[in-house]
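These are the residues of each chain, in order.
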Amino acid sequence: MKGYIYGFLGNGYLVKGDRERATICFEKAINSNTKNILAIYNYGLILLQDGNFKEALNLFFKSQELNNKKANKKTFAPASLNRTMLLQKNIPLAIASTYWRLDDIDKAISTLEDLRKQFDYVSPNTLTTLGYFYLLKKDYEKAREISQLAIDDDENFASAWDNLGQIYLEQNDLKNAKEKFLKSIELNPKSVDSLYHLGTIEEKENNKDKALEYFKKALDCNITSLNTVSKEDIENKIKQLS
């Protein structure tokens, strides 16, 4: 019971944006062997964002096991059912993202493709993530196809536009890449990856001041291990151009 309460408090702090207190509560919950599925999952996300990939993966597997057991019982309130079903999709997405950061891109892709087979509908976020994984495999046709599916579902999903920008950038089509990145930051001015890549394009086009402007904007964003560029990447670019 104590573990569940700590987990409940951690979830509450996280909703309020108090990541520090949430983390303290989640650690106590885990140490108390909590069965609070959402708390285990949320703490896994924090660890993933902080770069503790192996520990995060263990928590995602634990939350998945508990969530699947709960789903099989089918004896709970509608609100709890909705959360359980949502986690059936969100946990594999987190697992796939962790495999990516552990440099196992094939497992990352297979995890999300299995999810697509299991459910008739997956979110634009899931599709965008999968599209990016195909981009890493240099399967540009598949990456574009999946990313476009995300946009067809939600044309305001900035990360999917960023995907398209990165695909064109990989193929050295700077004009189309810039167009997609600009669409991404129009939808989300704090899109770190798009800002960074716009900076690299301006740098290639010898527009030093404009490139610096984009890099500085990127550095001002919240950067986690789930971004495709790091804080160090951005700082190095700024040093090179300053």
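This is a predicted model, so every value here is computed, not measured. (Residues numbered from 1 in each chain as written. Predicted model: local features only at pLDDT ≥ 70, side-chain atom pairs only at ≥ 80, totals over all residues. Heavy atoms only, no water.)

### A closer look at the overall build of the protein chain
So, step 1. On a plain count of helices and strands, the protein chain comes out with 13 helices and zero strands.
So, step 2. For the protein chain, the sequential pattern of α-helices and β-strands runs α-α-α-α-α-α-α-α-α-α-α-α-α.
So, step 3. Its C-alpha radius of gyration of 19 Å places the protein chain within 12% of the 18 Å reference for a compact globule of 242 residues.
So, step 4. Dimensions of the protein chain, computed from the C-alpha atoms along their principal axes, are close to 60 × 35 × 30 Å.
So, step 5. Residues counted as buried form 46% of the 242 residues belonging to the protein chain.
So, step 6. Taking the contacts inside the protein chain whose residues are at least 6 apart along the sequence as the reference set, 53% of them involve residues at least 24 apart.
So, step 7. Here the protein chain has roughly 13,000 Å² of accessible surface; of this, 48% comes from carbon and sulfur atoms.
So, step 8. Across the protein chain, the 35 positively charged side chains and the 34 negatively charged ones have centroids separated by 7 Å. (Helix = DSSP H or I, 4+ residues; strand = E, 2+ residues; numbered from the N terminus. Rg over C-alpha atoms; globule rule 2.2 N^0.38 Å. Buried < 20%, exposed > 50% of the residue type's maximum accessible area, 1.4 Å probe, protein only. Contact = heavy atoms within 4.5 Å. Areas by Shrake-Rupley, 256 points an atom, 1.4 Å probe, with all protein chains shown as cover. Lys, Arg positive; Asp, Glu negative; His and termini not counted. Charge placed at Lys NZ, Arg CZ, Asp CG, Glu CD.)

### What about a nonpolar patch on the surface?
So, step 1. Where nonpolar side chains cluster on the molecular surface, the patch consists of Met1, Tyr4, Ile5, Phe8 and Leu9 and spans about 590 Å² of accessible area.
So, step 2. Tracing the chain through its elements places Phe8 in helix α1 (residues 2-15). (Patch = residues over 30% accessible without salt bridge, like charges linked within 9 Å, V, L, I, M, F, W, Y side chains within 5 Å. Salt bridge = Lys/Arg side-chain N within 4 Å of Asp/Glu carboxyl O.)

### Some words on the side chain of Ser191
So, step 1. Along the chain, the position of Ser191 falls in the loop between α10 (174-187) and α11 (192-204).
So, step 2. For Ser191, the residues in contact, after removing those within four places along its chain, are Ser184 and Ile185.

### With respect to helix α13 (residues 231-241)
So, step 1. Taken residue by residue, α13 has Ile234, Lys237, Ile238 and Leu241 as its buried positions. Angularly, the buried residues of α13 cover 100 degrees about the axis, an arc narrow enough to put them on a single face. In α13, the exposed positions that point more than 90 degrees away from the buried face belong to Lys239 and Gln240.
So, step 2. Where the residues of α13 are buried, they touch α11 and α12 (208-219). (Arc of directions from axis to C-beta.)

### What about helix α7 (residues 124-136)?
So, step 1. The end-to-end C-alpha distance of α7 is 18 Å, a good match for the 18 Å that 13 residues give at a rise of 1.5 Å each.
So, step 2. For α7, a buried count of eleven out of 13 residues is recorded, marking the element as mostly surrounded by other parts of the structure.
So, step 3. Every buried residue of α7 is listed here: Pro124, Thr126, Leu127, Thr128, Thr129, Leu130, Gly131, Tyr132, Phe133, Tyr134 and Leu135.
So, step 4. Once α7 finishes, Lys138 follows within two positions and takes phi at roughly 65 degrees, a positive value. (Expected span 1.5 Å × (residues − 1).)

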